[in-house]
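What follows is the residue order along each chain.
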Amino acid sequence: MELIWEGLRKALELLLRLDPEVLRITLLSLKVSGIATFISVVLGLGLALTVALNAFPGKRLVIALMNTGMGLPPVVVGLFVTVLLWRNGPLGFLGILYTPTAIILAQAVIATPIIAGLSLAALQHLPPGLRLQILALGATRTQMIWLLLKEARLPLLAAIMAGFGGVISEVGASIMVGGNLKGSTRVLTTATVMETSRGNFEIAFALSFILLVLAFSVNALLTHLQQRSRRR
Amino acid sequence: MSRATIFQARDLQVHRGSARVLEVPALDLRAGEVLALMGPNGAGKSTLLLTLAGLLPPTAGTLHFRGTRLHSRADRDAYRRCMTMVFQDPLLFDATVAQNIASGLKLRGLSAAERQPQVEDWARRLGLGHLLHRPAHQLSGGEAQRTALARAFVLRPEILFLDEPFSALDSRTRGELVNDLSHILAETGTTAVITTHEQGEAARLAHRLAVMQGGRIVQLGGLREVLNHPEDPFVAAFVGMETLLKGQVVTCRDGLLFLRVRKDSGDRAMVALGEAQPGQTVLVGVRPEHVALSLQTDNTSSARNAFPGTVTKVIPHGPFFKIELDCGFFLTAFVTAQSLSELDLQPGRPVVASFKATAVHLIRREGLDAQL
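Residues numbered from 1 in each chain as written. Chains lettered and ligands numbered in written order. Predicted model: local features only at pLDDT ≥ 70, side-chain atom pairs only at ≥ 80, totals over all residues.

### Regarding helix α4 (residues 112–125) of chain B
All names here are of chain B. The end-to-end C-alpha distance of α4, which contains 14 residues, comes to 20 Å, matching closely the 20 Å that a straight helix rising 1.5 Å per residue would cover. What α4 keeps buried is the set Arg-115, Val-119, Trp-122 and Ala-123. Considered in projection along α4, the buried side chains sweep an arc of 100° and stay on one side of the axis. Set apart from the buried face of α4 by more than 90 degrees, the exposed residues are Ala-113 and Pro-117. Residues of α4 that are buried make contact with α3 (97–107) and α5 (141–153). Positive backbone phi, at 70°, marks Gly-127, one or two positions downstream of α4. (Helix = DSSP H or I, 4+ residues; strand = E, 2+ residues; numbered from the N terminus. Expected span 1.5 Å × (residues − 1). Buried ≥ 20, exposed ≤ 12 C-beta atoms within 10 Å, placed from the backbone. Arc of directions from axis to C-beta. Contact = placed C-beta atoms within 7 Å.)

### Examining the interface of chain A and chain B
Contacts between the two partners involve 14 residues from chain A, matched on the other side by 18 residues from chain B. For the side of chain A that touches chain B, the element with the highest residue contribution is helix α6 (residues 130–136) of chain A, accounting for 5 residues. Of the residues belonging to the side of chain A that touches chain B, the class tally is 7 nonpolar, 5 polar and 2 charged. (Nonpolar A, V, L, I, M, F, W, Y, C, P; charged D, E, K, R; others polar.)

### Considering the sheet that holds strand β3 (residues 34–38) of chain B
Residue and element names in this part refer to chain B. Strand order in this open sheet of 6 strands is β6-β7-β8-β3-β9-β10, and the pairing throughout is mixed. The strands lining the two open edges of the sheet, one partner per strand, are β6 (83–86) and β10 (216–222). Across the sheet, the mean angle separating the axes of adjacent strands is 15° when strand polarity is ignored. Where β3 meets strand β8 (residues 191–196), 5 bridges bridge the pair, whose relative direction is parallel. Of the residues in β8, the one forming a bridge with Leu-37 is Thr-195. (Pairing = 2+ DSSP bridges. Axes fitted to C-alpha atoms, helices over the stretch in contact; angles between N-to-C directions.)

### Let's talk about the domain arrangement of chain B
Domain annotation of chain B identifies domain 1 (5–237) and domain 2 (241–371). Between the C-alpha centres of domain 1 of chain B and domain 2 of chain B there is a distance of 33 Å. (Domains from an automatic or database assignment.)

### Some details on the confidence of the model for chain B
Low-pLDDT portions of the prediction should not be read for the details of their coordinates. Residue and element names in this part refer to chain B. Scored by pLDDT, chain B has a mean of 88; 92% of the residues are at 70 or more. Note on residues 368–372: pLDDT under 50 across the span, and 6 contacts to partners over four residues away in sequence or across chains. Under the prediction, the complex receives an ipTM of 0.81, its pTM being 0.79. (pLDDT = per-residue confidence, 0-100.)

Listed below in structure tokens is the structure:
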């Protein structure tokens, strides 16, 4: 118990002192997971819309794969991305292994199926006739898609939160493809693992609290957006 | 009354997988008319409606709107801005009543200042004036469907498609809505196509009636023509259950209406229960279970209406027999096997059909004289 209070005190101290290393780690976590989530929203929402609005052979299989993808273990993703980016690997020429870009790539692979799967469920939950009704009101295809997204905005924001939550908290892939390099690829989760293994529990706790506050803040912001639209 | 044809469908076919679910060789819509599509579930009513609305591309066939063939996606997109559709589910957006009514105008790029007066006008006309700022999810079923109708009418559609718009509502709400819709259709002269399996709804709203079965139109014609002169047993079983006659109110006293009913062989008097103004034109309906048959006019009976006629057909109908009669108009009666043998009912047999004043079903309509 004492350890936890000590960790809280230390976290506050590090935050108030604006410790440059902690600040850098925190900002990098936010940046990497933010960009990864953004990429996943574009890809995941696009995929969900494509599947939801079209009938094609093998649609059920695609949906099953998307749902399976929601449970991809980050270490498995980390392994595949590492092999892919390895010096002699197919994408080795990019030279991005052990850079923040590699972490963004791995996290996007993790978050895309989460956002795609939950977005698809959100879109499929809309009344089946709504698409025809919107077209019957004279909407162009673009307007129709926009209105569908607007109607599903609550669960879609939940999908984005789930995607962001999944990558800001994962450690396996970040450590494998980023390497936890000080000043370059060290993020909150990898730093926490490292400090814990070294027995620096206060710092590990401090980093964990920051991680929690960060996750809470981002989700609070999205929740605010979500519920504000609800009250209208 | 002749009207210009504004929409033509030719050789329409819709296939689902290998099954043909719709086959309509020809269907025209005339400006200002209301066409009702009736038929059992799975008859293809909704499929035909979606195809006519340009929302379901047919497997084969052509659609022409105001002389232009709807060929490319661009043609269909342009056509979609000339029509609109109301579904059984109101399918409102998660927004206020006013925002819902405005949605189609907004899609057409009208500014808020341009939208507002039209939205308020149509909200008022559908009795939603006090609900403008209410979120759609707080509306009752009837209010939600009124909002859907306002959202459609505010677009001043050249053709309005209605897919069983009132089926999900309780009978009182449905009656009110059918009433309001018939007023608005008459006022605006909107061309409309409505699917329904309620004969009363079709009788209140439609000028022409198409009866569908197995993806085909089995009979298409004027409302009374189809109801009173079904061309085949299916249509007769589906709609011929009720005879519809046009009559004029002569007098009204003590809740009894004395009507003059026009028949091929001259006018006849009929007595009904109800309130109406002398001179008013009404439709009267009689259901077969209310018609009694005898060999001569029975003065002791309480039935006030008696019409001599001839049996044209005897059809077994469950535990009863359905007797089709020619009394100068089409009339059907249900009789038991016992009556059938006692009266020796067979085609050509002269009988007297009688029914009580309470059995006469009154249907009042807007501008009936012009339409029928």
